[in-house]
Every structure is written in C-alpha cells, then in structure tokens.
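Results of the structural survey
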Amino acid sequence: MNQTPINSDARDFRLPSTYSRIIARVAKLPERDLNKLLLGTGLPESILMPGDETYISGYQQLQIMQNGRELLGSPDFGLRLGEQLHPSAHGPLGYLALCSPDLRSALFALRDYLPLRLPWVAIDINVSQESIHCELRFQMSVDDNSFAQITVTECFAMVMQSFVEAVLRRPATEAMINFAHHEPTHAHCYEQFLHAPYRFETEQNSYILPGQLANAANATSDNASFRLTQQLCNSLLEQTPRSSSSMADRVRTLMLLRPIESIAEPDIAQALFVSKRTLGRRLEAEGTSFRQLKDQFLAELARRYLMEPRQTVEAVAASLGYHDAAAFRKAFKRWTGMTPKLYRQTPSAL
C-alpha cells in the first residue's frame, strides 16, 4: 500500500484509538488482516483491541484511514466511515449531546468538546433567526481535494446529520450541505447516505439548518445527566493536549474550565502565558476578539440556565457573575435581541 503524504503538523495531534477500531469494522477486516490496516504507522495490533486507550498521532490516523479505504476497495469510504460515527460512537461527547435539552445545546456540546475526540478539526457555529450555520475548520494543513480532505469532510457531513437527527428524531431534509472539494468520482453515492441537498466547490465545508430549529426540543433530554456528563467532559478536556489549537479555541477551553469570576481578559491572558495585548492581537488575527468570545460564552450559558423553569432571572444573573439583574437583562438583550422574560415566553426564539 502507498503511504499517504501528510503534512508534518498532523504528527502533533493525538487521537483515541477508538476510531481505528471503527475503521477496521468499516473495512470488514478479519483478525488475520488487522496488521494490514496499520501498515506505515509503526503501531502494534493491540491498539485495535477493545478497551485499548492508546492515543495515536494525526499522521497515524490518516494513514489508517488511507489503508482502510484501500482494503475496502470502495471510493465512498468516507461516507461509510461517517455513517458509523453516530453520537454513541463519541463516548461522553455523544452522550452529552443526546441528553442536551435542545438542538442548539447539542450542537454547542459538539463544538465545545470536539477536541476530546478529534482535535485536528473544529466546528464553528453561528445561530441567527435565519439559519444555524455549522462550518468545519481544519486545525492542520490538508491539501485541497486530497483524500484526507474529502474523507474528513464526508465524515463531518455524516456526523452533523446523525447528531441533528438524533435530536429531531427524523431525517433533516431541510438542511443544506456544502463541500469545498471538487465533485468526486463517487458523487453518485452521496444521495444514498445524505438526507439533504448538497453541493460541491463551495467556499467552505458547512452544514446549514433553518434558524427556527435551534430550540427544537430533544426528546431524550435529561437535565441531571446533562450536567453530570458536562462535568465529565470538562474533566476530560483538561487532560486533552491542546498545543495545536487556535488562540480562540484555547480561550474557549479556559472559559469552560474556569469559574465565571476568573474569565476576565487579564486572567485568561495570564493562564495562556501571554500579555493582554498579545492575546488581543492574536485573536484579532483569527477574526475575533476576547469580548466577542466572552459574550458568546455567557450568552450560551444564560440560555441554558433560562431553560430551567425553577431558575429566576436574578439567580441566572448571579450565576453569570452579575450583581445587578438589570445589568444582566441589558447584556442578554444585547446578546440575543430579546429580554430574558421574552426568551422564556417564546419557545421558538433564538
């Protein structure tokens, strides 16, 4: 088999071996052929055994994906692999999404905790009244239209579809799926896997839904389990290597892991071993700012707290570090365009 040419930064990412076992199943390998899946990686066959918790490099994972496609002998390997990446395949992250109160929370759980499972990609989510825009962002260099790009973006589309449909409990036919790569030779296979319209050669890889679905209730929601699983994900996230994350990703991670009162810009800069000015400059280079990231973070927390009928607006304000409920109400309106009271009274509000 040919080794996949991988950019050196792929070696910096560490991934759980769980996905390699899934690839082995997709490639339909008997035990005697498992070694073929690991050619060019230097890994022992033991990593493919159930219960193994070895972390492998991004380079090794991409090589295993390439080997898997060649062993399966099918160009739609990425779609077949993505089909297996339903929420339950992602461990605590998947369970967190399944017990989230609504679609918005499930998608933000996927965004916030994806580094636990796949640190080489990130998902940016923008929710407006018009749309829920989920964009795939590569955290490592991947050549356009390469095997790696096509396979990962096909997996992205299938993962987004499975998470959304797990909440909606129906096919998400109203979505629009965009692929940045050229139309592949196996494009005719896409309609067998994807339940929504799709197009190629777009500016970005994205999965887009109508905005009114943001607050679609999750039938399997469990508030107690959601909070416990969120705590577990936070604990696991603390142990996950993040050396290759963007500065914005590192800021978001620290916001998730620190007390509300410790997410001021000077505190975050200090935790990242940079000055406040350097932090601001690097975030600006990534097209964002600390104020924007903090507002997004607090707005999401506020929405989640306000979903609890027993939580008063005053209690939510205090939970977010506001000593004055009026100041919180003003901030919430700036974040969302509506007051906390109106938000609670409007189930379809964004």
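Higher on the page you've got the structure.
Residues numbered from 1 in each chain as written. Predicted model: local features only at pLDDT ≥ 70, side-chain atom pairs only at ≥ 80, totals over all residues. Heavy atoms only, no water.

On to the overall build of the protein chain, then. Each helix and strand in the protein chain was counted, giving 16 helices and 7 strands. A compact globule built from 350 residues would reach a C-alpha radius of gyration of about 20 Å, and the protein chain, at 21 Å, matches this within 12%. By principal-axis analysis of the C-alpha atoms, the protein chain measures approximately 65 × 45 × 35 Å. Taking all 350 residues of the protein chain together, the buried fraction comes to 55%. When the 36 basic and 37 acidic side-chain charges of the protein chain are each reduced to a single mean position, those positions are 7 Å apart. (Helix = DSSP H or I, 4+ residues; strand = E, 2+ residues; numbered from the N terminus. Rg over C-alpha atoms; globule rule 2.2 N^0.38 Å. Buried < 20%, exposed > 50% of the residue type's maximum accessible area, 1.4 Å probe, protein only. Lys, Arg positive; Asp, Glu negative; His and termini not counted. Charge placed at Lys NZ, Arg CZ, Asp CG, Glu CD.)

The next thing to look at is the pattern of salt bridges. What the rule picks out here adds up to 9 salt bridges. The residue R334 makes a salt bridge to D295 at a minimum N-O spacing of 2.7 Å. Of this pair, R334 sits in helix α15 (residues 325-336) while D295 sits in helix α13 (residues 290-306), and the two are 39 residues apart along the sequence. (Salt bridge = Lys/Arg side-chain N within 4 Å of Asp/Glu carboxyl O.)

One way to put it is that helix α1 (residues 18-26) packs onto helix α3 (residues 58-72) with a least axis distance of 9 Å and a crossing angle of 10 degrees. Classified by the angle between their axes, α1 and α3 sit roughly parallel to one another. Residues Y19, S20, I23 and V26 of α1 form the contact with α3, whose participating residues are Q61, I64, M65, G68 and L72. (Axes fitted to C-alpha atoms, helices over the stretch in contact; angles between N-to-C directions. Parallel < 35°, antiparallel > 145°, perpendicular 65-115°, else oblique. Contact = heavy atoms within 4.5 Å.)

A large share of α1 lies buried, amounting to 8 of its 9 residues. Residues of α1 that are buried include every one of T18, Y19, S20, R21, I22, I23, A24 and V26, and no others. Tucked inside the fold, the buried residues of α1 contact β1 (14-16), α2 (34-37), β2 (55-57), α3 and α4 (77-84).

Glancing now at the layout of surface pockets. For the largest pocket, the calculated volume is near 670 Å³. What lines the largest pocket is a set of 29 residues, and nearest its centre among them are R111, I125, N126, Q292 and Q296. For the lining of the largest pocket, the secondary-structure elements that each account for two or more residues are α6 (103-113), β3 (121-127), β4 (131-138), α10 (247-257), α13 and α15. Looking at the lining of the largest pocket element by element, the count peaks at 7 residues for α13. The residue inventory of the lining of the largest pocket, partitioned by class, reads 8 nonpolar, 10 polar and 11 charged. What the second largest pocket holds in volume is close to 520 Å³. As for the second largest pocket, its lining consists of 22 residues, of which F226, R227, Q230, L301 and Y305 are closest to the centre. Counting residues per element, the lining of the second largest pocket draws most heavily on helix α9 (residues 223-238), which supplies 6 residues. A per-class count over the lining of the second largest pocket returns 11 nonpolar, 7 polar and 4 charged. (1 Å grid on protein atoms, 1.4 Å probe; cavity = no way out; pocket = protein on both sides within 12 Å on 5 of 7 lines; lining within 4 Å. Points joined across faces, edges and corners; volume = space filled by probe spheres on them. Nonpolar A, V, L, I, M, F, W, Y, C, P; charged D, E, K, R; others polar.)

Across the 5 residues of strand β7 (residues 206-210), 5 count as buried, placing the element largely inside the fold. Examined bridge by bridge, β4 and β7 share 5 bridges and lie antiparallel to one another. By the bridge assignment for β7, C134 is matched with Y207. Relative to β7, strand β5 (residues 176-178) runs antiparallel, the two sharing 3 bridges. For I177, the partnering residue across the bridge sits in β7 and is Y207. (Pairing = 2+ DSSP bridges.)

Now for α15. Its 12 residues give α15 an end-to-end C-alpha distance of 16 Å, which sits within 8% of 16 Å, the value for a rise of 1.5 Å per residue. Within α15, the full set of buried residues consists of A325, F328, A331, F332, W335 and T336. Down the axis of α15, the buried side of the element spans an arc of 120 degrees, and every buried residue falls inside it. For α15, the N-terminal capping position is held by D324, with its side-chain oxygen 2.9 Å away from the main-chain nitrogen of A326. After α15 finishes, the residue G337 shows a positive phi value of roughly 85 degrees. (Expected span 1.5 Å × (residues − 1). Arc of directions from axis to C-beta. Polar contact = N/O pair within 3.5 Å; in protein donor to acceptor, adjacent residues only side chain to side chain.)

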